[in-house]
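As a plain string of letters, each chain reads:
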Amino acid sequence: MLRLENVHAYYGQSHVLQGISLQVQPGEIVGLLGRNGMGKTTTLKSVMGLVQIRAGRIQLNELTISRRPAHRIARLGIGYIPQGQRVFSELTVLENLQLGLSRGRLNGALLDKVTRPFPVLKERLTQAAGTLSGGEQQMLAIARAMLAQPKYLLMDEPTEGLMPSMVQALEDQINVMKSEGLGILIAEQNADTALRVCDRFYILEKGSVRAESLTHETSLEQLQKYLGIGL
Amino acid sequence: MKISRRSFLKLSAGTVALGAVVGYTGHAQGRAILIGHQLDQTGAVAAFAKWHNQAIAAAIKRLNEQKGIAGRPVELVNSDDSQTQPAVGKDQFGKLVNQKNADFVIGSVFSGTNIATAPLAKELKTVYFPQGISTPITGDQGNRYIFKSYHSVRAAVEASYRWALDNLGKRWTIVASDLEFAQSQAQDFSAKVREAGGIVIDIITVPFRTPDFLSSLNKINLSKTEALYQAFNAVDTVRFMPAAFEFGITRRVPVFGLIEGVDVLDVNTPPYEGAYFVTSYPRRADQIPSELTKLDASYRERVGIGTEGKSLDGKEVVPIADLFGSWQAVSLIKLGVEQSNWQSKKDNPAFIQALEVNRILKAEESFPQGEQFLRAQDHLSFHSHYIERVENGKLNVKVRLPEGLYTPQVDYTKEAF
Amino acid sequence: MKDSLQRLSFAFAIAALTIFPWLGNSYQISFLTSILVWALYALSFDLLFGYTGLLSLGHSVYFGLGAYGAALAIKQLHLSLWLALLVGMGIALLAALAIGLFVVRVKSHGFIIITAVTSLVFYLLAQSGRELTHGNDGFSFTTPPIVFGLVDWSFSNPIVRFYFALIIVTLAFLALWWLVRTPLGQAFRLIRENEVRAEIIGYPVTQLKFMAFVIAGTFAGFAGAVYALTNRFVSTELFHWTISADAIIWTLFGGAGTLIGPVVGTGLLFWVKEWLSEVWKTGYPLLVGLVILLLIRFAPDGLVGLARRLIGRRNST
Ligand SMILES: Nc1ncnc2c1ncn2[C@@H]1O[C@H](COP(=O)(O)OP(=O)(O)O)[C@@H](O)[C@H]1O
Ligand SMILES: [Mg+2]
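All figures in this text were calculated on a predicted structure; none of them were measured in a lab.

Rules and cut-offs
Residues numbered from 1 in each chain as written. Chains lettered and ligands numbered in written order. Predicted model: local features only at pLDDT ≥ 70, side-chain atom pairs only at ≥ 80, totals over all residues. Heavy atoms only, no water. Pairing = 2+ DSSP bridges. Helix = DSSP H or I, 4+ residues; strand = E, 2+ residues; numbered from the N terminus. pLDDT = per-residue confidence, 0-100. Contact = heavy atoms within 4.5 Å. Axes fitted to C-alpha atoms, helices over the stretch in contact; angles between N-to-C directions. Near = heavy atom within 4 Å. Polar contact = N/O pair within 3.5 Å; in protein donor to acceptor, adjacent residues only side chain to side chain. Areas by Shrake-Rupley, 256 points an atom, 1.4 Å probe, with all protein chains shown as cover. Nonpolar A, V, L, I, M, F, W, Y, C, P; charged D, E, K, R; others polar. Domains from an automatic or database assignment. Buried area = accessible area lost by both parts, 1.4 Å probe. Salt bridge = Lys/Arg side-chain N within 4 Å of Asp/Glu carboxyl O. Parallel < 35°, antiparallel > 145°, perpendicular 65-115°, else oblique. Left-handed = near helix turned anticlockwise from the far one by under 90°. Buried < 20%, exposed > 50% of the residue type's maximum accessible area, 1.4 Å probe, protein only. Lys, Arg positive; Asp, Glu negative; His and termini not counted.

A word on the sheet that holds strand S12 (residues 381–382) of chain B
Read across the open sheet, the three strands follow the order S10-S11-S12 (chain B); overall the sheet is antiparallel. Where the open sheet ends on each side, the last strands, each with one partner, are strand S10 (359–361) and S12 of chain B.

See the structure below:
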């Protein structure tokens, strides 16, 4: 279980996370929803160790991971797909994938497996990743993250800027990962996606959890109201 | 590489063409003798170097008007900018010899560059005439390929310390730049003061091109000091003297030093008033000893120096004494070539042996500074010194002193070629 | 295919350099020797800048320490040539370890500033330690000959100096060629592209930067030691910040992030400087400034990048 307990974080003087508590179980997809600037990204960065928390605790199963360097946290089994550009653009697609493996070479079977949901990647193996479209880069980032076999995956606005067909493929893949037992924490502004894939979600407002609920208890209208869309 | 090769070709072509012209006019024949100049176009000694270059050119012109050297024309080859940097100067020496085919090289005025170049001169078996005056250049830092026709720091100190102790004071504070040339003075002068029973209160070392002299001036113990010895390169002197003046130091104690640190500066300003300098030649023509006045007039005319020691347009102060080193180096080359029947650089050992005999060089157009003694052991020549004092903005000779002969530190004649 | 072309050009370049002493005069041989040495220095800088993305303004520190280490090992301790080389490199290594510990933690602009400060501090230290360094005036010394069996090669021979530099610089080049292809070299490049991304996929970025810093400093010290041995003269100018700036200029000019770039950049700029010194003295800084501006605007990957793109375009049409 990945758990945040009363986490506080600051950027200089500004108190950005004001006591966040949340948890993600294996095989569960959890949404972290909220309008722009509410602290979703900062929460993910805190888990990853990219932002130092001032108070509270972050635990991976029995292990307290707060205050460890990011690379350690990654090696402990937490994958992170940040917002925006997510791949090493100067490396080829294949080289990016290879990075997912901490040891050994990428063999044919493994390659087939990770590219099955995204056949387009297989056609572009020797191409520089920077030349892929935004959606393709997102696919590549996910495929790379999967090769590292994390226990939990943090995704920051994965559907941002994607074509609808790509959004579909992405949602399918998220469900596949879930079925393999991965716990996924998704920061989202897109209420549609959140309702379709998440089992549960937390709604952030000004750095604290305003509400927590199960997906089947919530309607799109309610959620959009929270997120300040369609008002 | 292509370009260096091309310039090499150009140079050879130029030599051939010049040879043809000279041959036609019938003044001199044979391949030209190339005299290289390790020229600092920029940096602390650039103002000196420019005049040295002019003096060499004038000396060469004079030779070529006669029969050249042993009937061969003489040509000046300048290095690229040596930048008053030992490392650069050393490389430029290599280029002068190996790329520009200089037969002899007249060196930089910067002692650091001379010391860096000396081992290379020996390695390339090329006779080198350094123009810096730091004592070790003709001591343990020099070698058999080094000749100097102008004094060393030690000779100047040896010639003048007695006068300074008798007339200026017994208790000395020495303020010296950390440059080789200035450190050499601090060492030699302090040794002499102590030897003669005087007292060295303090030796204050100042970084070259220090942004301010305040802290150094503060260290001078004025209540104990009777006289101040200053040793700086001109780029520092020009700031040190006004600072000392503002501190009131120049009025309280006599200030003494070598002219080499001041020689491109106009002393007609209050900070220099009353200061004493050891010189090896009077700056102003009316101060010249009578037996040298005729030579003086023609030397000034050939190099382009006015009677007050300035350039003909009156804009620059010329380091008139310093230039003898370069002028007379050309004369030494002529002497050595003619006496050894030198044909090419393979005759350099013979050339060196011809010059390294104890010899009096008479005052004449080739040695216009006055009669001098070229010593065999350390290849150094010794000449008269003067004490000059700034009075009403002008340098006046107070006394003429003998040459300041000292025990040689080395015997190059025993060194292998 | 591409690799075999690279190997072919490498072999060709080495062959051309090997026969050079038959073609050039002593000055030209010495000139090429210093290009080789400085190219190695530029290469060491490129490992840090081009490969790892760390812009250091203090690389002269390690070159200077390497040079002085070797020079003093010979002058004061009378050590052999090879030991002097090791001493120079060792001192640079120690300094890079000590300094690296502090500076690699400082990010982006801070890193540039703090490394500039190290170069300033070492220059001033070297200047004030006149008894040891002899300041700007520097000192000369005699490099011990290479002796084994019947051979006795003196460093007063420019050809000996040239081959010594050629062999050493070639070996160092190959070592760097190997290094940048190892997983470690790959990790350096990930840091250059995006250190956060490298960190979140599990690379210990700070430790890796430290390693890059130390390796680059050691190679710079090695270059400095070779410089001292072939030049047989050192002065505190070697610590000056302009020496750090030279590394940046040569590398940017030739092409950062490649091994051939710094070598080409150093060689060409030396040659241009040499050529201009006879035609137009003040031209070099002006011209180099202009060329660098143009390159940054139109070919940020330097001459090598420009050449690659031109060749690539021709092949694709
Ligand atoms: N590097 C930063 N420095 C200072 N403030 C920041 C920084 N990054 C984000 N913030 C501020 O922190 C708050 C939360 O930001 P963020 O976590 O990015 O929100 P979200 O991901 O929900 O849009 C915002 O007010 C934002 O302006
Ligand atoms: Mg965000």
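So, the confidence of the model for chain B
Residues and elements named next belong to chain B. In the predicted model, chain B carries a mean pLDDT of 91, and 93% of its residues have values of at least 70. The low-confidence segment residues 1–28, where pLDDT is below 50, has 33 contacts with residues more than four positions distant or belonging to other chains. Scoring of the predicted complex yields 0.87 for pTM and 0.87 for ipTM.

Looking at the sheet that holds strand S10 (residues 208–214) of chain A
Residues and elements named next belong to chain A. One open sheet accounts for six strands, arranged S6-S7-S8-S3-S9-S10; its pairing is mixed. Edge strands, defined here as strands with exactly one partner in the open sheet, are strand S6 (78–81) and S10. In this sheet, neighbouring strand axes are inclined to one another by 15° on average, regardless of whether the strands run parallel or antiparallel. Contacts from helix H6 (residues 134–147) reach S6 and strand S7 (152–156) within the one sheet, and its direction differs from that of S6 by about 170°. Across the sheet, helix H7 (residues 164–179) touches strand S3 (29–33), S7 and strand S8 (183–188), and the angle it forms with S8 is around 150°.

Let's talk about the site of ligand 1
Residues and elements named next belong to chain A. Taken together, Tyr11, Val16, Arg35, Asn36, Gly37, Met38, Gly39, Lys40, Thr41 and Thr42 make up the full set of residues near ligand 1. In this structure, glycine 37 approaches ligand 1 through a main-chain N or O atom, which is 2.6 Å from an oxygen atom. A distance of 2.9 Å separates an oxygen atom of ligand 1 from a polar backbone atom of glycine 39. Starting from 560 Å² of accessible surface for ligand 1 in isolation, the protein chains cover 57%. At three residues, the largest contribution of residues to the shell around ligand 1 is made by helix H1 (residues 40–48). Residue composition of the shell around ligand 1, grouped by class: three nonpolar, five polar and two charged.

Looking at the domain arrangement of chain B
Residues and elements named next belong to chain B. Segmenting chain B into domains produces domain 1 (5–151 + 289–382) and domain 2 (154–285). Summarising the inter-unit geometry, the C-alpha centres of domain 1 and domain 2 are found 29 Å apart. Counting residues at the interface gives 32 residues for domain 1, matched by 25 residues for domain 2. Buried area between domain 1 and domain 2, summed over both chains or domains, comes out near 2400 Å², and the portion from carbon and sulfur atoms is 62%. If you sort the residues of domain 1 by the area they bury against domain 2, Thr135, His151 and Val317 come out on top, with a joint share of 22%. Between glutamate 308 and arginine 284 there is a salt bridge whose closest N-O contact spans 3.1 Å. Counting every contact that joins domain 1 to domain 2 gives 13 residue pairs in polar contact (both at pLDDT 80 or more). At the level of elements, helix H2 (46–65), helix H4 (111–123) and helix H10 (293–303) are the ones that each hand at least two residues to the side of domain 1 that touches domain 2. The biggest single contributor to the side of domain 1 that touches domain 2 is H4, with three residues. Looking at side-chain class alone, the side of domain 1 that touches domain 2 contains 18 nonpolar, nine polar and five charged residues.

Let's talk about the packing of helix H12 (residues 260–279) of chain C against helix H13 (residues 283–298) of chain C
All names here are of chain C. Interaxial distance between H12 and H13 falls to 9 Å at its minimum, and their mutual angle equals 140°. Viewed along their axes, H12 and H13 adopt a mutual orientation that is oblique. H12 and H13 meet at a crossing whose hand is right-handed. Between H12, through Leu269, Val272, Lys273 and Leu276, and H13, the contact on the second element is made entirely by Gly283, Tyr284, Leu287 and Val288. Classifying every residue of the contact of H12 with H13 gives six nonpolar, one polar and one charged.

Here's the deal with the side chain of C:Arg197
With respect to the element layout, C:Arg197 can be found in helix H9 (residues 195–200). Although C:Arg197 is buried, it makes no salt bridge; C:Glu193 carries the closest opposite charge, 4.0 Å away. Non-local contacts of C:Arg197, meaning those with residues more than four positions away in its chain, are made with A:Gln85, A:Arg86, A:Val87 and A:Phe88.

Considering the pattern of salt bridges
Oppositely charged side chains are able to pair whenever their charged atoms sit close together. On inspection of all chains with the given rule, the structure shows 45 salt bridges over all chains. We note a salt bridge from C:Asp137 to C:Arg130, for which the minimum N-O separation is 3.6 Å. With relative accessibility at 17%, the residue C:Arg130 sits in the buried group. A cluster of three or more residues bridged by salt bridges with shared partners is formed by B:Lys61, B:Arg62, B:Glu65, B:Arg302 and B:Glu365.

Considerations on the interface of chain C and chain A
On the side of chain A, 18 residues touch chain C, which itself brings 16 residues to the contact. For the pair chain C and chain A, the summed buried surface comes to about 1500 Å²; carbon and sulfur atoms form 58% of the total. Counting the surface chain C buries against chain A, the share from its top three residues, C:Glu193, C:Arg197 and C:Ile200, is 42%. Taken together, the links from chain C to chain A amount to one salt bridge. One salt bridge in this structure joins A:Glu90 and C:Arg192, with 2.9 Å as the shortest N-O distance. Between the two partners, chain C and chain A, sit seven residue pairs in polar contact (both at pLDDT 80 or more). Breaking the side of chain C that touches chain A down by element, the ones donating at least two residues are helix H8 (183–193), H9 and helix H10 (205–231) of chain C. When grouped by side-chain class, the residues that make up the side of chain C that touches chain A number eight nonpolar, four polar and four charged.

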